[in-house]
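Each chain is listed here by its residues.
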Amino acid sequence: MTLLAAAAGVAAGAAVAALILPLRLARPAARLTRVNVDGREVPAVLAEPLVGGALLGLAAACVVAGGISRTAGAVAVVVAAMAAAGRYDDLRGDESARGFRGHLGAGRVTGGLVKIAAGVLAGALAGFVLWGGDPPTVATTTLLVALTANLINLLDRAPGRAAKVWLLLGLPLFAASPAWAAAAGGAVGASALCLVPDLRARAMLGDAGANPLGAAAGVGLAVALSQGGRIAAIALLLVLNAASEVVSFSRVIERVPWLRFVDRIGRE
């Protein structure tokens, strides 16, 4: 039944994205235009098909499964919360503050600061939904959600990069946790549909699209790993997030042949 629910979620997510995507591409809002890593102006309008597909796909999976699991509840919480926080940041436009250090030290409320707070709060709520009153597990879930959301968002400036990493991370989690597969099937289906315009630089995820995907993956790591595995994943995520403060991921990818090859698959 769980496998059938996951399949229903993927199909529903892809179908919803297919309906919404042409509408968003036809009339992109000028205030959502961003400059990507290649210097091209690209509308950040993939959030609606992604988030709509993720949530309606999750609903379809719950109908097939005959109820809402704890994992489904946790995924719904983080996707909705991070989509709202991401859209707030998207609508503010590009800000001078960059990275955790920049946003925390800005001396004002930045869009990034709102996303950091949302990631922590949504992660904590997801942890409570998943584990109840177990503080260590709630704490590791909180960190996984917040750190993974930020990491995926950091990759969105290059065409298709964030969605590729999300799918490469999500597919093993899909196999490792049937409950997460059912809950995140809609996000998988929707992101697969949105990958094509993303790779062609016709649109990008934006904060409202990248952050929910990352947060959903954080829930997947929380439910698929043991507590020791969660701590190891947090350590790796901390290293990657910290590295982004001083190192350009794009430059690293360009210097490593196999990373450059994977990064450019499907790009024009």
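Check the entry above for the structure.
Cut-offs applied
- Residues numbered from 1 in each chain as written.
- Predicted model: local features only at pLDDT ≥ 70, side-chain atom pairs only at ≥ 80, totals over all residues.
- Heavy atoms only, no water.
- Helix = DSSP H or I, 4+ residues; strand = E, 2+ residues; numbered from the N terminus.
- Rg over C-alpha atoms; globule rule 2.2 N^0.38 Å.
- Buried < 20%, exposed > 50% of the residue type's maximum accessible area, 1.4 Å probe, protein only.
- Contact = heavy atoms within 4.5 Å.
- Areas by Shrake-Rupley, 256 points an atom, 1.4 Å probe, with all protein chains shown as cover.
- Axes fitted to C-alpha atoms, helices over the stretch in contact; angles between N-to-C directions.
- Parallel < 35°, antiparallel > 145°, perpendicular 65-115°, else oblique.
- Left-handed = near helix turned anticlockwise from the far one by under 90°.
- Nonpolar A, V, L, I, M, F, W, Y, C, P; charged D, E, K, R; others polar.
- Bend = angle between axes of the 7 residues up to and from the residue.
- Expected span 1.5 Å × (residues − 1).
- Phe/Tyr/Trp six-rings, centres within 6.5 Å; stacked < 30°, edge-to-face > 60°.
- Core = buried A, V, L, I, M, F, W, Y, C linked by side-chain atoms within 4.5 Å.
- Patch = residues over 30% accessible without salt bridge, like charges linked within 9 Å, V, L, I, M, F, W, Y side chains within 5 Å.
- Salt bridge = Lys/Arg side-chain N within 4 Å of Asp/Glu carboxyl O.

J.: Hey, could you run me through the overall build of the chain in this one?
T.: Counting its regular elements, the chain contains 12 helices and two strands. In sequence order, the secondary structure elements of the chain are arranged as α-β-β-α-α-α-α-α-α-α-α-α-α-α. In terms of C-alpha radius of gyration, the chain reaches 17 Å, essentially the compact-globule figure of 18 Å for 268 residues. Along the longest, intermediate and shortest principal axes, the C-alpha atoms of the chain span 45 × 40 × 40 Å. A total of 268 residues make up the chain; the buried ones form 51% of that total. A separation of at least 24 residues holds for 75% of the contacts in the chain among residues at least 6 apart in sequence. If you sum the accessible surface of the chain, you get close to 11,600 Å²; carbon and sulfur atoms cover 69% of it.

J.: Quick question: what am I supposed to make of unusual backbone geometry here?
T.: Leaving glycine out, the prevailing phi sign among residues is negative, and the prevailing peptide bond configuration is trans. The residue Ala201 is not glycine, and still its phi comes out positive at about 60°. Taking the relative accessible area as the measure of exposure, Ala201 reaches 11% and is therefore buried.

J.: Just checking my understanding: could you explain the packing of helix H3 (residues 70–92) against helix H8 (residues 178–199) for this structure?
T.: Two packed helices can be described by the angle between their axes and the distance between those axes. Where H3 meets H8, the closest approach of the two axes is 8 Å, and the angle between their N-to-C directions is 40°. Here H3 is positioned oblique relative to H8, judged by the angle of their axes. Classified by chirality, the crossing of H8 by H3 is right-handed. Across the interface between the two elements, Thr71, Ala72 and Val75 of H3 pack against Ala179, Trp180 and Ala183 of H8. Among the residues forming the contact of H3 with H8, the class breakdown is five nonpolar, one polar and no charged.

J.: Hey, could you run me through H8 in this one?
T.: Ala184 marks where H8 bends most, by close to 55°. Summarising burial for H8: 17 of the 22 residues are buried, a large majority.

J.: Sorry, what's going on with helix H2 (residues 47–65) here?
T.: Residues spaced three or four apart along an α-helix point in a common direction, a consequence of the helix completing one turn every 3.6 residues. With 19 residues, H2 ought to run about 27 Å at 1.5 Å a step, and its terminal C-alpha atoms sit 26 Å apart, in line with that. Note on H2: the residue one or two positions beyond its end, Gly66, has a positive phi of about 85°.

J.: I tried to follow the packing of aromatic side chains on my own but got confused; where do I start?
T.: Throughout the structure, instances matching the rule amount to one aromatic pair. Relative to Trp180, the ring of Trp166 lies with its centre 6.0 Å away and its plane at 65°, an arrangement referred to as edge-to-face. Pair noted here: Trp166 is in helix H7 (residues 161–176) and Trp180 is in helix H8, with a separation of 14 residues, a long-range link.

J.: Sorry, what's going on with the nonpolar core here?
T.: Ranked by internal contacts, the top residues of the largest apolar core, which has 58 residues, are Val75, Val78, Trp166 and Val219. Broken down by element, this core gets its largest block of residues, nine residues, from H8. Aside from chain neighbours lying at most four places away, what touches Val219 is Thr71, Ala74, Val75, Val78, Ala126, Leu130, Val145 and Trp180.

J.: Sorry if this is basic, but what is going on with a nonpolar patch on the surface here?
T.: A cluster of nonpolar side chains, contributed by Leu168, Trp258, Phe261, Val262 and Ile265, occupies part of the molecular surface with about 560 Å² of accessible area. For the nonpolar patch, the element with the most residues is helix H12 (residues 257–264), which contributes three residues. Secondary-structure assignment places Trp258 in helix H12. Take Trp258: its relative accessible area is 58%, and that puts it in the exposed class.

J.: For this particular structure, what's the right way to read the packing of H2 against H3?
T.: Taken N-terminus to C-terminus, the directions of H2 and H3 make an angle of 165°; their axes are 11 Å apart at the nearest point. With respect to their mutual orientation, H2 and H3 come out roughly antiparallel. Relative to H3, H2 is oriented so that their crossing is left-handed. Each of Ala47, Glu48, Val51, Ala54, Leu55, Leu58 and Cys62 in H2 lies in contact with H3, whose residues at this interface are Ala72, Val75, Ala76, Val79, Ala83 and Arg87. Tallied by class, the residues present in the contact of H2 with H3 amount to 11 nonpolar, no polar and two charged.

Nothing here speaks to function; it is geometry throughout.
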